[in-house]
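If you want the building blocks of each chain, they are given just below.
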Amino acid sequence: MQTMAGSEDQKFSLQEVLDTFKLCLSENKEVYLEQYVAGWRGLVKFLNSLGSVFGFISKDAVGKIQILVSYMKGENASHYATVQSMVKYELDNNLVDVNKKGSHPESGCRTLLRLHRALRWLELFLDRLRTSTEDSKTSALCAEAYNESLAQHHPWMIRKAAGMAFLVLPGRQTFFEVMNVGPPEQVVAKLGEALPLISEVYQITEDLYAQHNLLDLP
Ligand SMILES: CCCCCCCC/C=C\CCCCCCCC(=O)N[C@@H](COP(=O)(O)O)[C@H](O)/C=C/CCCCCCCCCCCCC
């Protein structure tokens, strides 16, 4: 049956996303690409359940996931096990367009950077949801998080389209139901559990990219 949360096999579960982000970090704090991508796949399920207005966002996210998967399954797969090994491999082999788009417009590093910036949006948005009240508007929470993060990297047209899509977001109660966690108190607790994991993955990637001057890849 098709519901707002999608058909059964496409059903979103916050717990599932939480689990993938839990598995993202190795003992020595490297970020596993497979789990990172799996986390995004889970989130895209949620996005898809919101309707066709969000199709352009979902399409972009899926396209970027597919680029990373093609590297992870390609002939150099062993170098794409973690974000750290990918960065090292692509930089050592001059596979990254560092200043302007050239022969490597779809490097793993620049592709992951786009998702990484979106992860900051997610962190800010989930934190706002966690601390929101019954009468909070998800569209406003989402727009605030977007303006503080991703919007700074998007041209006017995309910002406008994103802003319009936010206006049709479902209300807080529906959002909480779709997370498939239970009553609101449990959703809030689960968000409290998920946020430090997402923040840690974000910060490790941010530090790695900063260390290699990769935060502005075209
Ligand atoms: C825990 C449950 C609640 C939260 C669930 C959230 C589900 C969100 C799922 C996916 C988020 C989409 C991630 C979008 C990645 C965007 C990457 C990007 O910045 N791409 C732009 C630049 O790419 P290049 O051109 O340089 O290759 C591209 O131009 C973007 C195009 C599409 C617009 C992106 C707008 C993003 C808005 C933030 C997501 C809003 C989702 C709202 C749903 C709650």
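Since the structure is predicted, the reported quantities are computational estimates derived from the model, not experimental observations.

K.L.:
Any chance you could explain the packing of aromatic side chains here in plain terms?
P.N.:
Each aromatic ring pair is characterised by the separation of its centres together with the angle its planes make. Under the defined criterion, the tally for this structure stands at seven aromatic pairs. Arranged with centres 5.7 Å apart and planes meeting at 75 degrees, the rings of phenylalanine 125 and phenylalanine 175 form a pair that is edge-to-face. Here phenylalanine 125 is found in helix α5 (residues 108–130), whereas its partner phenylalanine 175 is found in helix α8 (residues 172–178), with 50 residues between them in sequence. Centre to centre, the rings of tyrosine 146 and phenylalanine 166 are 5.3 Å apart; their planes meet at 75 degrees, and the pair counts as edge-to-face. Residue tyrosine 146 is found in helix α6 (residues 138–148), and its partner phenylalanine 166 is found in helix α7 (residues 156–167); the two are separated by 20 residues along the sequence. Members of the aromatic cluster, each reached through a chain of ring pairs, are Phe12, Phe46, Trp121, Phe125 and Phe175. Sitting over the ring of tyrosine 202, arginine 120 keeps its end group 5.9 Å from the ring centre.

K.L.:
Looking at this structure, I do not really get the UniProt feature "domain: Glycolipid transfer protein" (unreviewed entry) in the protein chain. What am I missing?
P.N.:
This chain's UniProt record puts "domain: Glycolipid transfer protein" (unreviewed entry) on residues 32–180. Within the segment residues 32–180, helix and strand shares are 66% and 0% respectively, and the terminal C-alpha atoms sit 26 Å apart.

K.L.:
Sorry, what's going on with the packing of α5 against α6 here?
P.N.:
Between two packed helices, the angle of one axis relative to the other and the distance separating the axes together describe the packing. Packing of α5 against α6 leaves a shortest axis separation of 8 Å and a crossing angle of 145 degrees. Note that α5 runs across α6; the crossing there is right-handed. Seen from α5, the contacting residues are Trp121, Leu124, Phe125, Arg128 and Leu129; seen from α6, they are Thr138, Leu141, Cys142, Glu144, Ala145, Tyr146 and Glu148. For the contact of α5 with α6, a count of residues per class yields eight nonpolar, one polar and three charged.

K.L.:
Even after reading the chapter, I still don't get the pattern of salt bridges, so can you show me in this structure?
P.N.:
This structure, assessed with the given rule, holds ten salt bridges. The shortest N-O distance in the salt bridge between lysine 29 and glutamate 200 comes to 2.9 Å. Of this pair, lysine 29 sits in the loop between α1 (14–22) and α2 (33–48) while glutamate 200 sits in helix α9 (residues 184–211); the two residues are 171 residues apart in sequence, bridging distant segments of the chain. Look at glutamate 200 and you get partly exposed, because its relative accessible area is 30%. In this structure, aspartate 92 engages lysine 88 in a salt bridge whose closest nitrogen and oxygen atoms are separated by 2.6 Å. Of the two residues, aspartate 92 and lysine 88 both sit in helix α4 (residues 83–92), four residues apart, roughly one turn of that helix. Here the salt bridges do not stand alone but share partners, grouping Lys22, Lys190 and Glu193 into one network.

K.L.:
Sorry if this is basic, but what is going on with a nonpolar patch on the surface here?
P.N.:
Side chains of Val53, Leu167 and Val168 sit close together on the surface and give an oily, nonpolar patch of about 280 Å² of accessible area. Here leucine 167 lies in helix α7.

K.L.:
Whenever I open this one, the site of the ligand confuses me. Can you help?
P.N.:
Inspection of the region around the ligand gives 25 residues, with Asp60, Lys64, Arg110, Arg114 and His154 positioned closest. Separating an oxygen atom of the ligand from a side-chain N or O atom of arginine 110 is a distance of 2.9 Å. In this structure, histidine 154 approaches the ligand through a side-chain N or O atom, which is 2.7 Å from an oxygen atom. Those elements giving two or more residues to the shell around the ligand turn out to be α2, α3 (55–73), α5 and α7.

K.L.:
Just checking my understanding: could you explain the environment of alanine 77 for this structure?
P.N.:
Looking at where alanine 77 falls in the secondary structure, it is placed in the loop between α3 and α4. When its relative accessible area of 26% is taken as the criterion, alanine 77 is described as partly exposed. Put simply, alanine 77 and phenylalanine 175 are 98 residues apart on the chain and 37 Å apart in space, counted from C-alpha to C-alpha. Not counting residues up to four positions away in its chain, the partners in contact with alanine 77 are Tyr71 and Met72.

K.L.:
What should I look at first to understand the nonpolar core in this one?
P.N.:
Across soluble globular proteins, you tend to see nonpolar side chains buried next to one another. With 69 residues, the main nonpolar core has Met86 and Met179 as its most contacted residues. The element best represented in this core is α5, accounting for twelve residues. The residues contacting methionine 179, other than those within four sequence positions of it, are Phe12, Ser13, Leu14, Leu129, Val187 and Leu191.

K.L.:
Would you explain α3 in this entry?
P.N.:
An α-helical turn contains 3.6 residues, so a residue and the one three or four places further along point in the same direction. Here α3 spans 26 Å end to end across 19 residues, near enough to the 27 Å set by a 1.5 Å rise per residue. Three or more residues of α3 are buried, namely Ser58, Ala61, Lys64, Ile65, Ile67, Leu68, Val69 and Met72. Looking at the buried residues of α3, the elements they touch are α2, α4 and α5.

Scoring rules and cut-offs
Residues numbered from 1 in each chain as written. Predicted model: local features only at pLDDT ≥ 70, side-chain atom pairs only at ≥ 80, totals over all residues. Heavy atoms only, no water. Phe/Tyr/Trp six-rings, centres within 6.5 Å; stacked < 30°, edge-to-face > 60°. Helix = DSSP H or I, 4+ residues; strand = E, 2+ residues; numbered from the N terminus. Lys NZ or Arg CZ within 6 Å of the ring centre and 35° of its normal. UniProt positions renumbered as here; feature names shortened; annotations may be inferred. Axes fitted to C-alpha atoms, helices over the stretch in contact; angles between N-to-C directions. Left-handed = near helix turned anticlockwise from the far one by under 90°. Contact = heavy atoms within 4.5 Å. Nonpolar A, V, L, I, M, F, W, Y, C, P; charged D, E, K, R; others polar. Salt bridge = Lys/Arg side-chain N within 4 Å of Asp/Glu carboxyl O. Buried < 20%, exposed > 50% of the residue type's maximum accessible area, 1.4 Å probe, protein only. Patch = residues over 30% accessible without salt bridge, like charges linked within 9 Å, V, L, I, M, F, W, Y side chains within 5 Å. Areas by Shrake-Rupley, 256 points an atom, 1.4 Å probe, with all protein chains shown as cover. Near = heavy atom within 4 Å. Polar contact = N/O pair within 3.5 Å; in protein donor to acceptor, adjacent residues only side chain to side chain. Core = buried A, V, L, I, M, F, W, Y, C linked by side-chain atoms within 4.5 Å. Expected span 1.5 Å × (residues − 1).

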